[in-house]
Amino acid sequence: MDLPGYGRSQGFPVLTLQEMADVVFAQAPKNAIWLGWSLGGLVASRIVLDNPHQVAALVTVASSPCFSAHQDWPGIKPEVLKGFEQQLSENFHRTVERFLALQTLGTQSAREDMKALKSVVLEQPLPSVEILNGGLEILRTEDLREELKTVSCPFIRFYGYLDGLVPRKVANLLDEIYPDSPSVIFRNAAHAPFISHPDEFSQALVNAVKDIH
């Protein structure tokens, strides 16, 4: 499912995280296993937090409850996210390609992974500058760390060891914060493990959710 305003889900204004979660949840089957990648992980998390008795599980992929770096928290520096917003206004296509390149950086198959990710993304209608900036603003400002302590359904987290957007230290910190939430780290993957290691990722996902429902 493409998030509102992205890909095939066109015709939406800039939405807050809450508004985005409400739109997506209204379209989905009840008692679903919610899986979200990156920004989608925040959307899936918001949905699970708001609808605890109508969801089966939460799976986040290369995502963080707080993407923005703080003094005691690893993440993306807020000024970097602000810089992307500025660059989108100045050179939209180049900035989108640069952001996609960041997601595969460091993997052995980075060039091929980038090509695969780019072809999938660029095949779909591109979101507007305003929509992308809205997404960056969500990444810069949202912090669900405390709220996610209340999640009662199964909660599984997947990470890429080489991820430059969600540092692997996040996995260890969240292991302590959410002791009942198992994490899986793909050793040779970056921000898109399902692109670089599709078989390994799929098997790990099947193993993680096979006993749910």
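Looking up the protein in an unreviewed UniProt entry gives the name BioH family biotin synthesis protein, with the organism given as Proteus hauseri ATCC 700826.

Student: For this particular structure, what's the right way to read the overall build of the protein?
Tutor: Looking only at helices and strands, one finds 9 helices and 4 strands in the protein. Going residue by residue from the N terminus, the α and β elements of the protein occur as α-β-α-β-α-α-α-α-β-α-β-α-α. For 213 residues, the compact-globule estimate of 2.2 N^0.38 gives 17 Å, and the C-alpha radius of gyration of the protein, at 16 Å, lies within 12% of that figure. In terms of overall dimensions, the protein has C-alpha extents of about 45 × 40 × 35 Å along its principal axes. Relative to its full complement of 213 residues, the protein shows a buried share of 48%. Once the 18 positive and 25 negative side-chain charges of the protein are each reduced to a mean point, those two points are 5 Å apart.

Student: So what exactly am I meant to see when it comes to the packing of aromatic side chains here?
Tutor: Two numbers describe a pair of aromatic rings. These are the distance of the centres and the angle of the planes. In the structure shown here, the tally under the stated rule is 8 aromatic pairs. Aromatic pair Phe158 and Phe186: ring centres 5.6 Å apart, planes at 80°, arrangement edge-to-face. On the criterion of sequence distance, the pair formed by Phe158 in strand S3 (residues 155-160) and Phe186 in strand S4 (residues 183-186) is long-range, its members being 28 residues apart. Phe186 shares its class with Phe158; the two are buried. Note on Phe194 and Phe201: the rings are 5.8 Å apart at their centroids and 65° apart in plane angle, and the pair reads as edge-to-face. Residue class for Phe194 comes out partly exposed when judged on its relative accessible area of 27%.

Student: How should I be thinking about the side chain of Ser181 in this particular structure?
Tutor: Mapped onto the elements of the fold, Ser181 is located in the loop between helix H7 (169-177) and S4. Classification of Ser181 as buried rests on a relative accessible area of 4%. Separated by 2.7 Å, the side chain of Ser181 and the backbone oxygen of Phe155 make a polar contact. Leave out the neighbours within four places in its chain, and Ser181 touches Phe155, Ile156, Arg157 and Asp175.

Student: Explain the environment of Leu205 here, please?
Tutor: By the element assignment, Leu205 lies in helix H9 (residues 198-209). Leave out the neighbours within four places in its chain, and Leu205 touches Leu35, Val59 and Phe158.

Student: Just checking my understanding: could you explain the nonpolar core for this structure?
Tutor: Taken as a class, soluble globular proteins show a tendency for nonpolar side chains to be buried jointly. Trp34, Leu42, Val43, Ile47 and Leu148 are the most contacted members of the largest nonpolar core, which has 48 residues in total. In terms of residue count, the dominant contributor to this core is helix H2 (residues 39-50) (7 residues). When residues no more than four places from it in sequence are discounted, the contact partners of Leu148 are Ser45, Leu49, Leu58, Pro65, Phe155 and Tyr178. Among the nonpolar cores identified, the runner-up in size contains 13 residues, and Ala56, Val59, Val61 and Phe158 belong to it.

Student: What should I look at first to understand the UniProt feature "domain: AB hydrolase-1" (unreviewed entry) in the protein in this one?
Tutor: Feature annotation in UniProt assigns "domain: AB hydrolase-1" (unreviewed entry) to the following positions: residues 1-198. Overall, residues 1-198 shows 44% helix and 12% strand. The separation of its end C-alpha atoms is 18 Å.

Student: Just checking my understanding: could you explain helix H1 (residues 17-27) for this structure?
Tutor: Think of an α-helix as 3.6 residues a turn; residues three or four steps apart then line up on the same face. Buried within H1 are the following residues: Leu17, Met20, Ala21, Val24 and Phe25. The arc that holds the buried residues of H1, viewed along the axis, is 125°, so those residues lie on one side. In H1, the exposed positions that point more than 90 degrees away from the buried face belong to Ala26 and Gln27. Buried residues along H1 sit against strand S1 (32-37), H2 and helix H6 (129-141).

Student: Explain the pairing of S1 to me, please; I cannot follow it from the model alone.
Tutor: Along any regular strand, the residues point their side chains to alternate faces of the sheet. Of the two faces of S1, only one is covered, namely that formed by Ala32, Trp34 and Gly36; the face formed by Ile33, Leu35 and Trp37 stays uncovered. Pairing between S1 and strand S2 (residues 55-61): 6 bridges, direction parallel. Bridging from a neighbouring strand, Leu35 pairs with Val59 of S2. Crossover connection from S1 via H2 to parallel S2: handedness right-handed.

Cut-offs used in this document
- Residues numbered from 1 in each chain as written.
- Predicted model: local features only at pLDDT ≥ 70, side-chain atom pairs only at ≥ 80, totals over all residues.
- Heavy atoms only, no water.
- Helix = DSSP H or I, 4+ residues; strand = E, 2+ residues; numbered from the N terminus.
- Rg over C-alpha atoms; globule rule 2.2 N^0.38 Å.
- Buried < 20%, exposed > 50% of the residue type's maximum accessible area, 1.4 Å probe, protein only.
- Lys, Arg positive; Asp, Glu negative; His and termini not counted.
- Charge placed at Lys NZ, Arg CZ, Asp CG, Glu CD.
- Phe/Tyr/Trp six-rings, centres within 6.5 Å; stacked < 30°, edge-to-face > 60°.
- Polar contact = N/O pair within 3.5 Å; in protein donor to acceptor, adjacent residues only side chain to side chain.
- Contact = heavy atoms within 4.5 Å.
- Core = buried A, V, L, I, M, F, W, Y, C linked by side-chain atoms within 4.5 Å.
- UniProt positions renumbered as here; feature names shortened; annotations may be inferred.
- Arc of directions from axis to C-beta.
- Pairing = 2+ DSSP bridges.
- Right-handed = clockwise from strand over helix to strand, strands pointing away.

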